[in-house]
Amino acid sequence: MKNFAVLQLSGCAGCEVSLLNADAWVDQYNLAYMPLVTSVHDVPEVDLLLVSGGVRTDEDLYKLRHAVQRAGEVVAVGTCAISGGVANLGDRDEVRELFIAQARRRHVPHLLPKSHPIDAFVEVDRYLPGCPPMSHLFMMVLTGETEKTLARTVCQDCGRKKLRDVRPEHLVGFQTGKVDPDICLINQGYLCIGSSTRGGCGAPCTRAGHPCVGCRGPSDAFIEKESAVWMKSIARVFKGMTDIPEEEIQTGLRSPQLALFLFQFSDYADDKATIRPKEKVL
Amino acid sequence: MTRLLFPLSRIEGHAQVAIEVQEGEVLSAQFQATELRGFEYLVQDAPADQMPVVTPRICGVCSTAHHVAAVKALEDAYEITPPPLALKIRELLMLGQLLQNQATSLFIFTMPDRLGVSSIFQLASDAVTTDKSERQLTEVATRALQVRQAGTHLISTAGGQFIHPVKAVVGGVTGGIPAQQAAEMRAELEAALPIACELFDYYWEISIAMGERLGTWGDDAPACYLSAIAGRQPNFYGNQMYVLSSSGDACSMFPARDFRKYLTYEATEYSYAGHTSFQGEVIRANSLARINVLHDMGTPAANRYLKRFTEAFGQPAHAILLFDLARGIELVYAIERAIEILSEPLDEGDPAVPHTPQDGEGFGLVEAPRGPLIHHYTIEDGKIAHAEFIIPTVHNMLAIERALRVAAERYIDAERVNMELERAVGRVVRAFDPCIACATH
Ligand code: SF4
Ligand code: SF4
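Residues numbered from 1 in each chain as written. Chains lettered and ligands numbered in written order. Predicted model: local features only at pLDDT ≥ 70, side-chain atom pairs only at ≥ 80, totals over all residues. Heavy atoms only, no water.

A few points about the sheet that holds strand 5 (residues 71-77) of chain A
What links the strands of a sheet is backbone hydrogen bonding, and the strands pair in either a parallel or an antiparallel sense.
Residues and elements named next belong to chain A.
Phase 1 of the analysis: Sheet architecture is open: five strands sit in the order 2-1-3-5-7, paired in parallel fashion. Unpaired on one side and paired on the other, strand 2 (29-33) and strand 7 (126-128) mark the two borders of the sheet. In this sheet, neighbouring strand axes are inclined to one another by 30 degrees on average, regardless of whether the strands run parallel or antiparallel.
Phase 2 of the analysis: Looking at chain direction, strand 3 (residues 46-52) and strand 5 are connected through six bridges and run parallel. (Pairing = 2+ DSSP bridges. Helix = DSSP H or I, 4+ residues; strand = E, 2+ residues; numbered from the N terminus. Axes fitted to C-alpha atoms, helices over the stretch in contact; angles between N-to-C directions.)

What to know about the site of ligand 1
Phase 1 of the analysis: By nearness alone, every residue bordering ligand 1 is listed as V154, C155, C158, R160, K162, C184, L185, I186, C192, G194 and T206 of chain A.
Phase 2 of the analysis: Residues of the shell around ligand 1, tallied by class, amount to seven nonpolar, two polar and two charged. (Near = heavy atom within 4 Å. Nonpolar A, V, L, I, M, F, W, Y, C, P; charged D, E, K, R; others polar.)

Focus: unusual backbone geometry
Phase 1 of the analysis: Following C131 of chain A, the chain continues to P132 of chain A via a peptide bond in cis, the omega torsion being -10 degrees.
Phase 2 of the analysis: Turning to its location among the elements, P132 of chain A is positioned in the loop between strand 7 and helix 5 (135-143).
Phase 3 of the analysis: At the junction of Q315 of chain B and P316 of chain B, the peptide bond is cis and its omega measures out at -5 degrees in the coordinates.
Phase 4 of the analysis: One can find P316 of chain B in the loop between helix 10 (300-313) and helix 11 (322-342).

Some details on the interface of chain A and chain B
Interface size is commonly expressed as the accessible surface area that is lost when the partners come together.
Phase 1 of the analysis: Opposite the 67 residues of chain A that make contact, chain B presents 69 residues.
Phase 2 of the analysis: Summed over both partners, the interface of chain A with chain B comes to about 5,800 Å²; 60% of that surface belongs to carbon and sulfur atoms.
Phase 3 of the analysis: Across the chain A-chain B interface, the total number found is zero salt bridges.
Phase 4 of the analysis: On the surface where chain A and chain B come into contact, there are 19 residue pairs in polar contact (both at pLDDT 80 or more).
Phase 5 of the analysis: Listed by contribution, the elements that provide at least two residues to the side of chain A that touches chain B are helix 1 (14-21), strand 2, strand 4 (55-57), helix 2 (58-68), helix 4 (93-103), helix 7 (204-207) and helix 10 (256-262) of chain A. (Contact = heavy atoms within 4.5 Å. Buried area = accessible area lost by both parts, 1.4 Å probe. Salt bridge = Lys/Arg side-chain N within 4 Å of Asp/Glu carboxyl O. Polar contact = N/O pair within 3.5 Å; in protein donor to acceptor, adjacent residues only side chain to side chain.)

Quick notes on the packing of aromatic side chains
Residue and element names in this part refer to chain B.
Phase 1 of the analysis: Scanning the model with the defined rule gives 11 aromatic pairs over all chains in all.
Phase 2 of the analysis: With a centroid separation of 4.8 Å and an interplanar angle of 55 degrees, the aromatic rings of F200 and Y305 are classed as tilted. In this pair, F200 sits in helix 7 (residues 179-214) while Y305 sits in helix 10, placing the two residues 105 residues apart along the sequence.
Phase 3 of the analysis: One aromatic cluster is present, formed by F200, W204, W217, Y305, F309 and F313 through successive ring pairs.
Phase 4 of the analysis: Just above the ring of Y237 sits the side chain of K72; from NZ or CZ to the centre is 3.8 Å.
Phase 5 of the analysis: Above the ring of W204, the side-chain terminus of R308 is found at 4.7 Å from the ring centroid. (Phe/Tyr/Trp six-rings, centres within 6.5 Å; stacked < 30°, edge-to-face > 60°. Lys NZ or Arg CZ within 6 Å of the ring centre and 35° of its normal.)

Points about the domain arrangement of chain A
All names here are of chain A.
Phase 1 of the analysis: Domain assignment breaks chain A into domain 1 (2-143) and domain 2 (154-280).
Phase 2 of the analysis: Measuring from the centre of the C-alpha atoms in domain 1 to the corresponding centre in domain 2 gives 26 Å.
Phase 3 of the analysis: If you look at the interface, domain 1 gives 22 residues, while domain 2 gives 16 residues.
Phase 4 of the analysis: Buried surface at the junction of domain 1 and domain 2, summed over both partners, amounts to about 1,600 Å²; 62% is from carbon and sulfur atoms.
Phase 5 of the analysis: When the area that domain 1 buries against domain 2 is broken down by residue, the three leading residues are L89, Y127 and P129, summing to 30%.
Phase 6 of the analysis: On inspection of domain 1 and its partner domain 2, the count reaches one salt bridge.
Phase 7 of the analysis: We note a salt bridge from D119 to R276, for which the minimum N-O separation is 2.8 Å.
Phase 8 of the analysis: In this assembly, domain 1 and domain 2 are joined by six residue pairs in polar contact (both at pLDDT 80 or more).
Phase 9 of the analysis: Elements represented by at least two residues in the side of domain 1 that touches domain 2 include exactly helix 3 (78-83), strand 7 and helix 5. (Domains from an automatic or database assignment.)

Observations regarding the environment of C201 of chain A
Residue and element names in this part refer to chain A.
Phase 1 of the analysis: Position of C201 among the secondary structure elements: in the loop between helix 6 (154-158) and helix 7.
Phase 2 of the analysis: Under the relative-accessibility criterion, C201 is labelled buried at 13%.
Phase 3 of the analysis: For C201 and C155, which are 46 residues apart along the polypeptide, the C-alpha to C-alpha distance reads 11 Å.
Phase 4 of the analysis: With near-sequence residues (within four places) excluded, C201 lies in contact with M134, V154 and R216. (Buried < 20%, exposed > 50% of the residue type's maximum accessible area, 1.4 Å probe, protein only.)

Structure (structure tokens):
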């Protein structure tokens, strides 16, 4: 039986909850370590180590370095492990200083100046993006499936109809309610980026009437490029389908709920984009 | 002085317990939350209308509660009232959250303490050391996952995405639930109900056995009980804050926006979480706080369990291991109540009312599985000028530490530290089902 472990760094535990929903592993794999559900306090030797959460504290860093030594294969799971995650939204000078000053405590692990992706410190064999990744994607990682049977983009899974003659002039924001159930959200003025977001999630958000915010990251076409290329392609889609001014789109894309995910495969803070080869990304 | 450090597991997030002892005397018992992301800072300047998508990332276990609280806070600031259909769908969301959470806490977090194993997933290695056969454990695990999965499916049905839902929006919801989908969900819940009851009966039995074996149900001194259920029947959508006094006869009721007049928050040096008190007294939130004020669950099976509970333990009941049993009553309630709502038409009527955003202050209150959760925003130029998250686990901190001290005093004397203490620490903390990602945010 394959042994696996889940190392939880600073995150929200949504990834772990998603894994628990994939009940098919229970009698096929031995879960050797996952503090959320097992009382084992040290990572044993395992075939596979799933790491969720970003490196936010000195303790995260210590645990990560320690754990990878005992693992055959290392998988970065979810936005936080891949990019540092939602904690990066605080990576603005004025916010960061205030926050770090206020956070100082004597008896608990110390915060690093910023949140880091795990591959800033250790080698990663595979990436499983999503916030969180769907349960069936976890199963694919466990079974070692590499074949790309997944939809290329969220659009392919969404099933909404794109109309030619409905061209909105402005974005409507994210909170307007009363969404037409069949028509493409772009036609309805939503900043949906499903057209170039990595497929595989089954498009649960757009199907439910909320624009895709891109949690699965860029599709293979953009994943090895810096985020500017992805953003340009999104701008092109909107130019083709709407009369929304380009600045409106750009401002929208840089707003927190999208920035969180748009930059996950290229370093958010500085320009040195770390390329993750697409073969490694599920 | 000796400082005993206990790592914690089978709870949400990163925390540890530190107990200081001198010559057999317990000097202090501290619950230390050891992680922090800083949401109050990182949402500053974000467009207010992105809170319903950003704030669920505070916690993947309680995300639905944050999603709904965020929408309610914006609606409070914009002064709008969502239509009845939206309220029903949001109630379903909260029930899905409750169902998923209580199933996880009961069967994944605390069941192993009753069975003497380290995890319900730890098959081969542990089965040898206990009399439970490997197969039985696998069966418990599979059935437990099936029940909690029904909760996740309910969240997806009502909320779109399964962990970080998206369907609640300012003014209502993005849409109803088509009849076919509602019927499928209902069938899944109907199948889960008897399994949940069976698992809970078993859980009840092994809890009683554990209580007898240990000779205690833990800290049973009175405390104030805090919830957002201001009424005799459950309502997880949240309306008013409600405190039952420790004497059990006086109640205070207040709107979320007045919370600061009643609840005193203090930061601590040893934890990223801090704690709150009510007029100088220890507060308890979560399942027992609710069950202690409810006279009628409103659904048949849950009512039978409530009756069994109050007959056996009284009302209000105070022993901390009763939090766990109270969770079981709510698990059954969540399934039954969701079945009721799913039997009504959920695709008729307006899903949302139109609105115009405006600057101002908003409070969003829900009763999350762990107790009352408040999102408090100040909005300027459509952006978050100030955000505050008032988290139920923080209300429980003093109660957790008091119960830890009771356990420490029981198992530590001048001669030695009884090995049982480590297990007791785990049981105490898990009874409160704390959520550290939320508490520190
Ligand atoms: S752009 Fe968005 S709404 Fe439109 S088809 Fe693609 S995923 Fe669906
Ligand atoms: S639709 Fe978009 S935001 Fe939603 S789960 Fe899929 S990739 Fe993530």
